[in-house]
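Spelled out from the first residue to the last, the chains are:
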Amino acid sequence: MTYGQLITDAVRELSTLEYSDAALESKELLGLALGMDCRSAEFEAKLWEETDDDVEQRFFEFCKRRLGGEPLQYIVGEWDFYGKTFKVGKGVLIPRQDTELLVDIALKEFEGCRNTAIIDLCAGTGCIGLTLESRLMGVSLALVEKYTDAIEYLFDNKLRFGSQARVVKGDVTDESLPRQFRKADLIVCNPPYLTAADMKDMQTEVHAEPVEALYGGEDGLDFYRDIVRLWKDVLHIGGVMLFEIGAAQGQEVSDILTMHGFENVRVKRDAAGNDRAVIGYRKK
Ligand code: GLN
């Protein structure tokens, strides 16, 4: 049996999963079992070689976990976001490509600025804040996260990128938490925003992620209401509040910001054409 044949078998099995790119995932998992980058020429050459028992065993174990509904990203243990590789695993939301839009928007807003104070609320892996810190000049960054499991990944990623960020363990809906912060130029947040209905027809892989990172209350808007109310005064006048949203939440989240005195509130679309972000400015 060669590694190539092993891949062929795995593709057949993984194709039974409802949402999977079986060919890509089989390669990722074999790369992991071999300790090789599956995009390398070395890996391609390896496919013609006879298998080693230990590698095969590891590979089967990974495939079994994947077939049990565990996301590929958790098995691999890291995932790319905006050109950097973040540590991920059980207990933290996997960085999604959709979320790169928030980074694009923030980079445009603060391009050329030198001393930007940023607070990333519900930071998870830290992918948004840490990416901004690395791409802008002179950022002072605070990362706020409530859950111990997620905070471990947050610290790992902070270390991985040599970040100066202050990590704060706390609940963003706690009335007293905002007082611990100096005024910021940007508050960015990808809060849990799935509705009760969304939670019901979620795909298996998403079920493996922490429900606390996904569920935003019956209408999905609980965090937007609390965060805008509690954190708006932490922004400098003219400062930016930037949220990721669900595709159907553009109007409601805009209304929440407007109601709390934000101006120039706009909804932004992602590459797929869905409403994905809302931005607003603290009134002058
Ligand atoms: N976009 C995520 C999903 O559909 C939801 C993430 C979130 O609630 N912030 O699974």
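Draft legend 1. Region of interest: helix H2 (residues 22–34). Here H2 spans 18 Å end to end across 13 residues, near enough to the 18 Å set by a 1.5 Å rise per residue. For H2, every residue scored as buried is listed here: Ala 22, Glu 25, Ser 26, Glu 28, Leu 29, Leu 30, Gly 31, Ala 33 and Leu 34. As for H2, its buried residues are in contact with helix H1 (3–14), helix H3 (41–46), helix H4 (53–67) and helix H5 (72–76). Once H2 finishes, Gly 35 follows within two positions and takes phi at roughly 70°, a positive value.

Draft legend 2. How the structure looks around unusual backbone geometry. Its identity as a non-glycine residue notwithstanding, Cys 122 has a phi of 55°, on the positive side. Residue Asn 264 is not a glycine yet carries a positive backbone phi of 50°. Mapped onto the secondary structure, Asn 264 falls in strand S8 (residues 262–269).

Draft legend 3. Here's a closer look at the site of the ligand. The local shell around the ligand consists of Arg 96, Asn 190, Pro 191, Pro 192, Tyr 193, Ala 213 and Leu 214. Between the ligand and Arg 96 there is a distance of 3.0 Å, counted from an oxygen atom to a side-chain nitrogen or oxygen. Within the contact set of the ligand, a nitrogen atom lies 2.7 Å away from a backbone nitrogen or oxygen of Pro 191. Contact with the protein chains removes 86% of the 300 Å² of surface that the ligand exposes when unbound. In a pocket analysis with a 2 Å cut-off to the grid points, the ligand is assigned to the largest pocket. The class makeup of the residues in the shell around the ligand is 5 nonpolar, 1 polar and 1 charged.

Draft legend 4. Examining the pairing of strand S9 (residues 275–282) more closely. Summarising burial for S9: 7 of the 8 residues are buried, a large majority. Of the strand pairs in this sheet, strand S7 (residues 235–244) and S9 are connected by 5 bridges, and their pairing is antiparallel. The partner of Glu 244 across the bridge, within S9, is Ala 277. For S8 and S9, the ladder comprises 6 bridges, and the chain directions are antiparallel. Its bridge partner being in S9, Phe 262 is matched across the sheet by Arg 282. Remark: 5 residues form the turn of the hairpin made by S8 and S9, two consecutive strands paired antiparallel; Gly 273 in that turn has positive phi of roughly 90°.

Draft legend 5. Spatial organisation of helix H12 (residues 250–259). Among the residues of H12, those classed as buried are Gly 250, Val 253, Ser 254, Ile 256 and Leu 257. The buried residues of H12 occupy an angular sector of 155° when projected down its axis, which confines them to one face. Of the exposed residues in H12, the ones pointing more than 90 degrees away from its buried face are Gln 251 and Met 259. Close packing links the buried residues of H12 with helix H11 (222–231), S7, S8 and S9. Residue Gly 261 follows H12 closely and has a positive phi angle near 85°.

Draft legend 6. Geometry of the packing of aromatic side chains. Applying the stated criterion across every chain, the model contains 6 aromatic pairs. The interplanar angle of 65° and the centroid separation of 5.2 Å between the aromatic rings of Phe 181 and Trp 231 together place this pair among those described as edge-to-face. Placement of the pair is Phe 181 in the loop between strand S5 (166–169) and strand S6 (184–189) and Trp 231 in helix H11, with a sequence separation of 50 residues. With respect to class, Phe 181 is no different from Trp 231; both count as buried. Ring pairs connect the aromatic residues Phe 81, Tyr 82, Phe 86 and Phe 161, which therefore count as one cluster. The cationic tip of Lys 84 hangs over the ring face of Phe 161; the distance from NZ or CZ to the ring centre is 4.9 Å. Here the basic side chain of Arg 166 rests over the ring of Phe 181, its NZ or CZ set 4.7 Å away from the ring centre.

Draft legend 7. How the structure looks around the packing of H2 against H4. Viewed as axis vectors pointing N to C, H2 and H4 meet at an angle of 140°, and their least axial separation amounts to 9 Å. For the element pair H2 / H4, the angle class is oblique. Crossing of H2 against H4: the hand is right-handed. Between H2 and H4, the contacting residues are Glu 25, Ser 26, Leu 29, Leu 30, Leu 32, Ala 33 and Leu 34 on the first element and Val 55, Arg 58, Phe 59, Phe 62, Cys 63 and Arg 66 on the second. In the contact of H2 with H4, the residues fall into 9 nonpolar, 1 polar and 3 charged.

Draft legend 8. Up close: the pattern of salt bridges. Using the criterion set out here, one finds 19 salt bridges in the structure. Between Glu 49 and Lys 46 there is a salt bridge; the shortest N-O distance is 3.1 Å. On the accessibility criterion, Glu 49 (38% relative accessible area) is partly exposed. A salt bridge links Arg 96 to Glu 209; the nearest nitrogen and oxygen atoms lie 2.8 Å apart. With Arg 96 in the loop between strand S2 (84–87) and helix H6 (100–110) and Glu 209 in the loop between helix H10 (204–207) and H11, this residue pair connects regions lying 113 residues apart in the sequence. Its relative accessible area of 6% is what places Glu 209 among the buried residues.

Calculation rules
- Residues numbered from 1 in each chain as written.
- Predicted model: local features only at pLDDT ≥ 70, side-chain atom pairs only at ≥ 80, totals over all residues.
- Heavy atoms only, no water.
- Helix = DSSP H or I, 4+ residues; strand = E, 2+ residues; numbered from the N terminus.
- Expected span 1.5 Å × (residues − 1).
- Buried < 20%, exposed > 50% of the residue type's maximum accessible area, 1.4 Å probe, protein only.
- Contact = heavy atoms within 4.5 Å.
- Near = heavy atom within 4 Å.
- Polar contact = N/O pair within 3.5 Å; in protein donor to acceptor, adjacent residues only side chain to side chain.
- Areas by Shrake-Rupley, 256 points an atom, 1.4 Å probe, with all protein chains shown as cover.
- 1 Å grid on protein atoms, 1.4 Å probe; cavity = no way out; pocket = protein on both sides within 12 Å on 5 of 7 lines; lining within 4 Å.
- Sits in = over half its atoms within 2 Å of the grid points.
- Nonpolar A, V, L, I, M, F, W, Y, C, P; charged D, E, K, R; others polar.
- Pairing = 2+ DSSP bridges.
- Arc of directions from axis to C-beta.
- Phe/Tyr/Trp six-rings, centres within 6.5 Å; stacked < 30°, edge-to-face > 60°.
- Lys NZ or Arg CZ within 6 Å of the ring centre and 35° of its normal.
- Axes fitted to C-alpha atoms, helices over the stretch in contact; angles between N-to-C directions.
- Parallel < 35°, antiparallel > 145°, perpendicular 65-115°, else oblique.
- Left-handed = near helix turned anticlockwise from the far one by under 90°.
- Salt bridge = Lys/Arg side-chain N within 4 Å of Asp/Glu carboxyl O.

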